[in-house]
Amino acid sequence: MEKLKIAIASDHAGYQFKNQLGEFLKESGYLVTDFGCNSEESMDYPDTAHPLASAVSDGEFKYGFTLCGSGNGITMTANKHQKIRAALCWNTEIAELARLHNDANVCGIPARFISYEEVEKIAKIFLETEFEGGRHQKRIDKIPLR
């Protein structure tokens, strides 16, 4: 069975959690590619969000995880890409619903507002939850601008 490919990216505020999450995902059997950033030095989140979102949008990766201080900026940036459905997830219930009802393919995490333990729980639920489809599919189909 082929390992699922996961993309991760952060800004400086999410750097530590991103690195820990990457290790957790590798230990859990996923193939992980890190799109940066590479230190806690201040940087602009679009510089890592756009490459990750492009790679997920192009099908190179099934899912992505983005982390910044509030989770908002990096999630908003990822959502500028037409095939991206990035959801800001601050707990497991939100992460589960993002996959179940919204078929989210990028999970945005607010690194300054949750514990690392919660990050792992969110990632696990996000990756294990299947899209429900059905009535939700027609809503998903209406998201992209045409």
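Notes on the structure follow. (Residues numbered from 1 in each chain as written. Predicted model: local features only at pLDDT ≥ 70, side-chain atom pairs only at ≥ 80, totals over all residues. Heavy atoms only, no water.)

## Some words on the overall build of the protein
Defined as follows: Strands here mean DSSP runs of E at least two residues long; helices mean DSSP runs of H or I at least four residues long; both are numbered from the N terminus. Radius of gyration here uses only the C-alpha atoms, and the compact-globule reference equals 2.2 Å multiplied by the residue count raised to the power 0.38. The buried label goes to any residue with under 20% of its type's maximum accessible area, the exposed label to any with over 50%, and the partly exposed label to all in between, with areas taken from a 1.4 Å probe on protein chains only. Contacts between residues were defined by any pair of non-hydrogen atoms, one from each residue, lying within 4.5 Å. Per-residue accessibility takes into account occlusion by the displayed protein chains alone, with areas from the Shrake-Rupley method and a 1.4 Å probe. Here Asp and Glu are counted as negative and Lys and Arg as positive; His is not counted, and neither are the chain ends. Think of each charge as sitting on NZ of Lys, CZ of Arg, CG of Asp or CD of Glu.
Each helix and strand in the protein was counted, giving six helices and five strands. Relative to the 2.2 N^0.38 estimate, which gives 15 Å for 146 residues, the radius of gyration of the protein is 14 Å and therefore close to what a compact globule would have. Projected onto the principal axes, the alpha-carbon positions of the protein cover approximately 45 × 30 × 30 Å. By residue count, 48% of the 146 residues in the protein fall in the buried class. Long-range pairs, those at least 24 residues apart, make up 70% of the contacts in the protein between residues at least 6 apart in sequence. Carbon together with sulfur atoms contributes 48% to the accessible area of the protein, which is approximately 7,800 Å² in total. Here the protein holds 17 positive side-chain charges and 21 negative ones, and the gap between their average locations is 9 Å.

## Details of the pattern of salt bridges
How we decide: A pair is scored as a salt bridge if a Lys or Arg side-chain nitrogen falls within 4 Å of a carboxyl oxygen belonging to Asp or Glu.
Tallied over the entire structure, the rule returns six salt bridges. Two residues, D34 and K18, come together in a salt bridge whose shortest N-O distance is 2.6 Å. Taken together, the residues D34 in strand 2 (residues 31-34) and K18 in helix 1 (residues 15-27) connect sequence positions 16 residues apart. Here K26 ties to E23 by a salt bridge, and the two come within 3.8 Å at their closest N and O atoms. Here K26 pairs with E23, and both are found in helix 1, just three residues apart, close to one helical turn. Its relative accessible area of 42% is what places E23 among the partly exposed residues. What emerges from the salt-bridge pattern is a single network uniting R85, R99 and D103.

## Re the environment of T33
Looking at the element boundaries, T33 is found in strand 2. T33 sits in the partly exposed class, given a relative accessible area of 33%. The spacing of T33 and Y45 is twelve residues in sequence and 17 Å in space, taken between C-alpha atoms. Excluding residues that lie within four positions of it along the chain, T33 makes contacts with I6, A7, I8 and F61.

## Some points on the packing of aromatic side chains
Between two aromatic rings, the relevant description is the distance of the centres plus the angle of the planes. What counts, and what does not: Any pair of Phe, Tyr and Trp rings, taking the six-membered ring for Trp, is counted once the centres come within 6.5 Å. Such a pair is stacked with planes under 30 degrees apart, edge-to-face with planes over 60 apart, and tilted for the rest.
Under the criterion given, the structure shown has four aromatic pairs. Consider the rings of Y63 and F126, whose centres lie 5.7 Å apart with planes at 75 degrees: the pair is edge-to-face. On the criterion of sequence distance, the pair formed by Y63 in strand 3 (residues 63-68) and F126 in helix 5 (residues 116-128) is long-range, its members being 63 residues apart. The same class applies to Y63 and to F126, which are both buried. Residues F65 and F126 carry aromatic rings whose centres are separated by 5.5 Å and whose planes lie at 65 degrees to one another, so their mutual orientation is edge-to-face. Here the residue F65 occupies a position in strand 3, and F126 occupies one in helix 5, the gap between them amounting to 61 residues. You'll find F65 and F126 in the same group, each marked buried.

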